[in-house]
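Breakdown of the fold
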Amino acid sequence: MKKQNKTILAVIYCLCILFLCACAKEQREADDKAQVGVAYYNKSDTFLNQLIDRLKEQFDRLSAKDIEITVTIRDAAGSQRTQDDQVKELLDAGCDVLCVNLVDRADPSEIIDLARERDVPIIFFNREPVAEDMMQWDKLYYVGADARQSGLMQGELAADYIRQNKKADRNKDGKIQYVVLEGEAGHQDAIIRTEHAIAALKSKGIKLEKLSCRIANWNRAQAQNRMMQMISQHKNSIELVLANNDDMALGALDAYKKLNVTEAVLPVFFGIDGTDIGLKAVEEKQLAATVYNDKEGQAAAIAELAVSLVFKKGMDNIQFTKEKYIYLPYFKVTSENVKTFY
């Protein structure tokens, strides 16, 4: 009987060892995995689509190392209500970190509350929440760029072009008649880009006359429509088109092409973002210039921060502004240097 009892105890002991080893292995495997939820405002946005592609590439690169990253992406199609529901779905699925491109930058409270309840950190990107909302919780971060810099650079590029090309002032009245195609109504980045572009032009001594400003919601088709309206109103008086992004600058150009306007009366077009199609247009001199929004740098920063937050290491190596913000610089793009951005 004693021998039988010893045998039973030995078997139990071995089973316990195997169970503990299995648990340890499972724990190690769990420690090497991360679930990332990405929610963005609208897949129709060209720049955002390219940024999301770069972000997936960065997570794939990190997954090739000793960790396994699962990325789930949701498009809100321009609805904040939809995005709130998608974030809840991502959290219910067990996401360890959220990367959120807000539909409405002034309305992140429900998303923040949902994430805080689960203790899941949020990295907002591209569309910056207002400062007060970023202070709601210590696990909120932002990755993007400074809209002021993009506006200033666009204005400087336009000023340089006008000073170097006397034909820019087609009617020879000593002023540049211009129109603006702006992003969303009331959107901080749109307002800032426009204001600082105009301020930069004026600071360079360019005399301006504003003819019109239209909202085109970052969209090429809408920009074409708005530009058609402005051409109808102002005929050949428009000498300069400033657009808050490349898609709207190209939409404005589409309007002139649709009307079969001769090249002699075309205005000069400037965009922002340096999307693939925008860069091509600069290379072909359809756009005079654009301002490169560093999607590669932003994607790398988002991925690095996400992994650091999940695995709780590497945060000391990340350079923050005000402990929560990571800003990547813009770059001026002209036909002379455009190939360096491909």
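Residues numbered from 1 in each chain as written. Predicted model: local features only at pLDDT ≥ 70, side-chain atom pairs only at ≥ 80, totals over all residues. Heavy atoms only, no water.

1. Here we look at the pairing of strand β1 (residues 33-40)
Most of β1 sits out of view: six of its eight residues are buried. Looking at chain direction, β1 and strand β2 (residues 68-75) are connected through eight bridges and run parallel. Counted as the bridge partner of Ala39 is Arg74 from β2. What joins β1 to β2 is helix α2 (residues 46-63), and the crossover it makes is right-handed. (Buried < 20%, exposed > 50% of the residue type's maximum accessible area, 1.4 Å probe, protein only. Helix = DSSP H or I, 4+ residues; strand = E, 2+ residues; numbered from the N terminus. Pairing = 2+ DSSP bridges. Right-handed = clockwise from strand over helix to strand, strands pointing away.)

2. Considerations on the packing of aromatic side chains
Counted according to the given criterion, the structure contains eight aromatic pairs. Between Tyr161 and Phe270, the aromatic rings sit 6.1 Å apart at their centres with planes inclined by 80 degrees, giving edge-to-face as the arrangement. A residue pair is termed long-range when its members are at least 10 positions apart, and Tyr161 in helix α6 (residues 147-164) and Phe270 in strand β9 (residues 268-270) qualify at 109 residues. Overall, Tyr161 belongs to the partly exposed group, its relative accessible area being 31%. Between Phe331 and Phe341 the ring centres are 6.3 Å apart and the planes differ by 45 degrees, which places this aromatic pair in the tilted class. (Phe/Tyr/Trp six-rings, centres within 6.5 Å; stacked < 30°, edge-to-face > 60°.)

3. Considering the packing of α2 against helix α11 (residues 295-311)
Between α2 and α11, the shortest axis-to-axis distance is 8 Å and the interhelical angle comes to 45 degrees. It follows that α2 is oblique to α11 by the angle criterion. Handedness of the α2/α11 crossing: right-handed. Two secondary-structure elements touch here, α2 through Phe47, Gln50, Leu51, Arg54, Leu55, Gln58, Phe59 and Leu62 and α11 through Lys295, Glu296, Gln298, Ala299, Ala300, Ile302, Ala303, Ala306 and Val307. When the residues that make up the contact of α2 with α11 are grouped by side-chain class, the tally is 11 nonpolar, three polar and three charged. (Axes fitted to C-alpha atoms, helices over the stretch in contact; angles between N-to-C directions. Parallel < 35°, antiparallel > 145°, perpendicular 65-115°, else oblique. Left-handed = near helix turned anticlockwise from the far one by under 90°. Contact = heavy atoms within 4.5 Å. Nonpolar A, V, L, I, M, F, W, Y, C, P; charged D, E, K, R; others polar.)

4. Some words on the environment of Ser109
Residue placement: Ser109 occurs in helix α4 (residues 109-118). With 19 residues separating them along the chain, Ser109 and Leu90 place their C-alpha atoms 17 Å apart. Residues in contact with Ser109, not counting those within four places in the same chain, are Asp133 and Gln136.

5. A short note on the packing of helix α9 (residues 246-258) against helix α10 (residues 276-283)
Contact pair α9 / α10: the axes reach a minimum separation of 9 Å and the direction vectors enclose 50 degrees. Between α9 and α10, the crossing angle belongs to the class labelled oblique. As α9 runs across α10, the sense of the crossing is left-handed. In contact with Asp246, Asp247 and Leu250 of α9, α10 contributes Ile277, Gly278 and Ala281. Its residues placed into classes, the contact of α9 with α10 shows three nonpolar, one polar and two charged.

6. With respect to the sheet that holds strand β8 (residues 240-243)
Sheet architecture is open: four strands sit in the order β7-β6-β8-β9, paired in parallel fashion. The strands lining the two open edges of the sheet, one partner per strand, are β7 (208-215) and β9. Recorded for the sheet is a direction-independent mean angle of 20 degrees between the axes of neighbouring strands. With four bridges connecting them, strand β6 (residues 176-182) and β8 associate as parallel partners.

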